[in-house]
Amino acid sequence: MFAWRTYKLTIAFFLAVCFAGFGFAQDSASTVEDIVRSANDAGMQVIIIGEEPDESAGETAADPLRGSVLMKSQERAAAFREALRKRLEHGPDSISEVITVLNNKSPTGHYSNYFVMLAWTLALLFAAELIVGETFGKRLVGPWFIRLQIENPIGYTQKLPILLVRTALAVVGLMLVVLISYGLGLLFFGAADNRPESEREIVQVTVAYFYLTYFTARGVVFLWRMVLAPFLEKYRIPHFSNRDSKVLYYWMLNVATFAIITENFCGWMKEIGLSYGTHAIITSGLSNVVVLLNVAMVLFNRRAISLAILNGVPFREASVPARFFSWAWAPGVIVYFVVAWLEMTYRLVEVRPLGVPLISGFYMILLSILVVYALVGYVIERFFQRRRIIDAWNAQAAESEAEELSDFDEDGNQKSRGHFYHPHKMRTFEDLSRRLANILALVAGSWAIIEIWQIDVDMMMLPAIKRSYDIVAILFIGYVLFHSARIWIDQKIDEEGGGDIEVAPGDEGGTGGASRLATLLPLFRNFVLVVIVVAIALIALSELGINVAPLFAGAGVVGLAIGFGAQALVRDIFSGGFFLFDDAFRKGEYIDIGSVKGTVEKISVRSFQLRHHLGPLHTVPFGEIQHLTNFSRDWVMMKLKLRVTYDTDVEKVRKLVKKLGLELLEDEVVGAQFIQPLKSQGVVEMQDSAMIIRVKFMTKPGDQWVLRKRVYQEIRDLFAREGIKFAHREVTVRLAEGNADDLTPKQKEALGSAVLAMEDQDADDLAEGGNGSDER
């Protein structure tokens, strides 16, 4: 159908053109109604009729590429080259024209009079600065401003107000200098000025440009002094060293002053009557010098500014945007200056309005970014100030508590203190707010670029560009939602202690784990983040015009395929869900599933990881679990076996162990860890060379290993004081006949092997009974 319509449209267009051409060529009396009637008779639906041809129609028909974009670009390039050639032809005469204009417009007929006017203006300004400095600076606001300063200011909330106050006072002082200087000029020269009206206007314009240049240059210097704070180190916000700050400040001062002087000089020359061609050449040439100075400043201070962008963070540890901008800012700025100079030269040659100077506009863009970032940072710090105070108090309390606890266990090994690992740089909502402040600052810079470069607003409202705006807004909202959900859930996990599980490498395990909420929240976090990413991706695709309905159908088909083809995966996922909902184990708990055992370190949707107390890490799918034993719930009973000689008074041992148990309950270090005191269970086994007496105690999971060491130590000291002897292992060998000296080497070797086998068996029996077995 589409092909047929296209065919009919083509035929209609061809016939219309032919009818129109035939009618005009033959001077026929055919009218529009006749053409339409003929088209209807032929079954046409759409007909295109050309207008009456003009003189240019023939040229277009003769040259079909004349109206193309390429041809228009070539024509504009040729016109630009011709205009540039005409401008450059007047280049050698520019200096002489400038001198001629200055001489003609000078009140004395010679351009040296302007230097006299400049010298008098500078002298008046210098006198005014002395007056304002001695009165307003040193006596009025100086002592008051010093009292405003504090010893160690921190953050935007304490630094930014002082910097703004100092800049405001400096601007007020600058205005006073200008007013006093202008008043002194009127006092000395205003009454005696009897020049003609034209000469008086030239003098007024010249003096006005002098004052404008002075005021603008000093104002820009004050702004950069506020940003860099080269002489007020403690209130400096950017991460600059004293040397780097001063070097960059002096570069800014000199380059900005030169740029303002050249810009105002070109404007003043145009104002007093310099021709446009000469003005364009001088403006472009001086702007080229300004560009070279800015490029030199960028290259000389590249390292210092890159470190300031990283904010003191090592390059490898900084965020990806910070690393990118620290690397790309210098090439980008250099490209901007070059393109700005080329654009300004093009506008000058084409006699187009310059608007805001593009080269100086870079500093306006930079100041807009810095102002927005500083103001938003100030608001963020004020908003989160109360939370920071609470966090500081908690940190101080935790630090004092940590100082009271020993950093080493009883074996002299340093304890491993758990910490909450954050894979992201943004850990709090304040960090997220600062990241959003960076984005807002970039938006402000983009808006400043659009205004300064006079980008056509109608072009920015094209459908494709508007659609890109919507997509960027959607991605921005998704970015905020993603990190807000992640930070909120991570903070809840931190509050529940899910990431603060102490795991001492080499311990036998059994430490109490995290809460149930802290175990489930990581899985919930991953699910929520995946949902946010998928939702934002689908909305962005639909905004691009892509039909997302087939994606849902495809997802259903993929789900069925997974259900039938990956039954083990489905079994693992569902088994894990039931285990977690049943609260069978939690993160940080010590469990035994028959084949392996260890501490639960990580839980995912399909499997979990167990860290054995000797170091190996086991990954176990949930579907492989047949039975599960949890050693970290509620309480644990530790039973220890003691080998004593046959002449030991068992009742005496019972009373001594009971008394020792009561003493351990009163101990300041381990007393609170006992749930039930140490007690004796009497003789539980008789061996060839010893009686086995068993003692037991109840404690919290994970504490039994520390208490076991203490109990063994106390029992050894107690038995030594009371004269109770531990039974040593003995193996008695009876020879049927003969003497031991008569044994052959083979018999001695067999005898030694039997003795070692007996000792190994006894050691295994003791180990099985001395590590908290379930014997009663």
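Residues numbered from 1 in each chain as written. Predicted model: local features only at pLDDT ≥ 70, side-chain atom pairs only at ≥ 80, totals over all residues. Heavy atoms only, no water.

Q: In this structure, what is going on with the overall build of the protein? I would like to understand it.
A: Across its full length, the protein carries 23 helices and 8 strands. The burial tally for the protein puts 33% of its 776 residues in the buried class. When contacts within the protein are restricted to residue pairs at least 6 apart in sequence, those whose partners lie at least 24 apart make up 71%. (Helix = DSSP H or I, 4+ residues; strand = E, 2+ residues; numbered from the N terminus. Buried < 20%, exposed > 50% of the residue type's maximum accessible area, 1.4 Å probe, protein only. Contact = heavy atoms within 4.5 Å.)

Q: What's the story with the nonpolar core in this structure? I'm lost.
A: When a protein is soluble and globular, its nonpolar side chains tend to lie buried together. If you look at the biggest cluster of nonpolar residues, it comprises 35 residues, and the most contacted ones within it are Phe240, Tyr336, Phe337, Ile359 and Tyr363. Those elements that provide at least two residues to this core are helix H8 (197-228), helix H9 (242-271), helix H10 (276-300), helix H11 (302-310), helix H12 (320-349), helix H13 (358-383) and helix H15 (429-452). For this core, the leading source of residues is H12, giving 8 residues. In contact with Phe240, not counting residues within four places along its chain, are Leu228, Ser245, Leu248, Ala304, Ile305 and Ala308. (Core = buried A, V, L, I, M, F, W, Y, C linked by side-chain atoms within 4.5 Å.)

Q: Is there a simple way to think about a nonpolar patch on the surface in this case?
A: Residues Ile95, Ile99, Tyr111, Phe115, Leu118 and Leu122 make up a contiguous nonpolar surface patch of about 560 Å² in total accessible area. It is helix H6 (residues 112-148) that provides the largest number of residues to the nonpolar patch, a total of 3 residues. (Patch = residues over 30% accessible without salt bridge, like charges linked within 9 Å, V, L, I, M, F, W, Y side chains within 5 Å. Areas by Shrake-Rupley, 256 points an atom, 1.4 Å probe, with all protein chains shown as cover. Salt bridge = Lys/Arg side-chain N within 4 Å of Asp/Glu carboxyl O.)

Q: What is the right way to look at the packing of aromatic side chains in this model?
A: Centre-to-centre distance and the angle between the planes together describe a pair of aromatic rings. Under the definition given, this model contains 21 aromatic pairs. A centroid spacing of 6.5 Å and a plane angle of 65 degrees characterise the contact between Phe231 and Tyr250, whose relative ring orientation is edge-to-face. Here the residue Phe231 occupies a position in the loop between H8 and H9, and Tyr250 occupies one in helix H9, the gap between them amounting to 19 residues. The class for Tyr250 is partly exposed, based on a relative accessible area of 42%. Taking the centre distance of 5.5 Å and the plane angle of 75 degrees together, the rings of Phe324 and Phe325 count as edge-to-face. Its relative accessible area of 47% is what places Phe324 among the partly exposed residues. Classification of Phe325 as partly exposed rests on a relative accessible area of 37%. Chaining the aromatic ring pairs together yields one cluster made of Trp224, Tyr336, Phe337, Phe362 and Tyr363. (Phe/Tyr/Trp six-rings, centres within 6.5 Å; stacked < 30°, edge-to-face > 60°.)

Q: What's the story with the sheet that holds strand E8 (residues 691-699) in this structure? I'm lost.
A: Note: strands within a sheet are paired through backbone hydrogen bonds, in either parallel or antiparallel orientation. Taken in spatial order, the 3 strands line up as E6-E8-E7 in an open sheet, and their pairing is antiparallel. Among the strands making up the open sheet, the edge pair consists of strand E6 (636-644) and strand E7 (674-686). For this sheet, the mean angle separating the axes of adjacent strands, direction not counted, is 20 degrees. Across 9 bridges, the pairing between E6 and E8 is antiparallel. Note on E8: the bridge partner recorded for Met637 is Met698. Seen against the sheet, helix H22 (residues 704-722) touches E6, E7 and E8 and runs at an angle of roughly 30 degrees to E6. (Pairing = 2+ DSSP bridges. Axes fitted to C-alpha atoms, helices over the stretch in contact; angles between N-to-C directions.)

Q: How should I be thinking about the pattern of salt bridges in this particular structure?
A: It is possible for side chains bearing opposite charge to pair when their charged atoms get close. Tallied over the full model, the rule gives 14 salt bridges. A salt bridge links Asp244 to Arg243; the nearest nitrogen and oxygen atoms lie 3.6 Å apart. By relative accessible area, Asp244 is classed as buried at 17%. Between Arg654 and Glu651 there is a salt bridge whose closest N-O contact spans 2.3 Å. Linking Arg654 with Glu651, this pair stays in helix H21 (residues 650-665), spanning 3 residues, or about one helical turn. Since its relative accessible area comes to 37%, Glu651 is described here as partly exposed. Each of Glu134, Lys138 and Arg139 takes part in a single network of salt bridges with overlapping partners.

Q: I keep staring at the pairing of strand E4 (residues 617-621) and nothing clicks. Help me out?
A: The side chains of a regular strand alternate, residue by residue, between the two faces of the sheet. The sheet contact formed by strand E3 (residues 607-611) and E4 spans 5 bridges and is antiparallel. Residue pairing in the sheet places Gln609 in a bridge with Thr619 of E4. Joining the antiparallel neighbours E3 and E4 is a turn of 5 residues, in which Gly615 adopts a positive phi near 125 degrees.

Q: Can you help me understand the environment of Ala485 in this one?
A: You can see Ala485 is positioned in helix H17 (residues 463-496). When neighbours within four sequence positions are excluded, Ala485 is seen to be in contact with Val528, Leu529 and Ile532.

Q: It is not clear to me how the confidence of the model for the protein should be interpreted in this structure. Could you clarify?
A: Do not read the predicted coordinates in detail wherever pLDDT is low. Averaged over every residue, the pLDDT of the protein is 75; the share at 70 or more is 74%. Counted against residues more than four places away or in other chains, residues 1-33, with its pLDDT under 50, gives 18 contacts. (pLDDT = per-residue confidence, 0-100.)

Q: Sorry if this is basic, but what is going on with the packing of H15 against H17 here?
A: When two helices pack together, you describe them by how their axes are tilted relative to each other and by the distance separating the axes. The N-to-C vectors of H15 and H17 enclose an angle of 165 degrees; their axes lie 10 Å apart at closest approach. The angle between H15 and H17 falls in the class roughly antiparallel. By crossing handedness, the relation of H15 to H17 is classed as right-handed. The segment H15 lies against H17, with Phe429, Leu432, Arg435, Leu436 and Ile439 engaging Phe476, Tyr479, Val480, His483, Ser484, Ile487, Trp488 and Gln491. (Parallel < 35°, antiparallel > 145°, perpendicular 65-115°, else oblique. Left-handed = near helix turned anticlockwise from the far one by under 90°.)

Q: Would you explain helix H5 (residues 94-105) in this entry?
A: An α-helical segment advances 3.6 residues per turn. Residues three or four places apart therefore align on the same side. Between the first and last C-alpha of H5 there are 16 Å, a value that for 12 residues agrees with the 16 Å anticipated at 1.5 Å per step. Those residues of H5 lying buried are Ser94, Val98, Val101 and Leu102. Buried residues along H5 cover an arc of 100 degrees about the axis, so they all sit on one side. In this structure, the buried residues of H5 make contact with H6, H9 and H10. (Expected span 1.5 Å × (residues − 1). Arc of directions from axis to C-beta.)

Q: Would you take a moment to explain the pairing of E6 for this structure?
A: Buried residues dominate E6, accounting for 9 of its 9 residues. The alternating pattern of E6 places Val636, Met638, Leu640, Leu642 and Val644 on one face and Met637, Lys639, Lys641 and Arg643 on the opposite face, and all of these are buried.

Q: When you look at the packing of H12 against H13 in this model, what are you seeing that I'm missing?
A: Axis separation between H12 and H13 bottoms out at 8 Å; the angle between their running directions is 140 degrees. Relative to H13, the element H12 lies oblique. Residue-level contacts link Val333, Tyr336, Phe337, Ala340, Trp341, Glu343, Met344 and Arg347 of H12 to Leu358, Ile359, Gly361, Phe362, Tyr363 and Ile365 of H13.

Q: Looking at this structure, I do not really get the sheet that holds strand E1 (residues 590-592). What am I missing?
A: Taken in spatial order, the 5 strands line up as E4-E3-E2-E1-E5 in an open sheet, and their pairing is antiparallel. Edge strands, defined here as strands with exactly one partner in the open sheet, are E4 and strand E5 (629-630).

Q: How should unusual backbone geometry be read in this particular structure?
A: Generally, phi is negative for residues other than glycine and the peptide bonds are trans, each holding for most cases. At Ala229, a position not held by glycine, the phi torsion is positive, near 45 degrees. Mapped onto the secondary structure, Ala229 falls in the loop between H8 and H9. Despite not being glycine, Asn311 has its phi angle at roughly 60 degrees, a positive value. Assignment of secondary structure puts Asn311 in the loop between H11 and H12. You can call Asn311 exposed: its relative accessible area is 51%.

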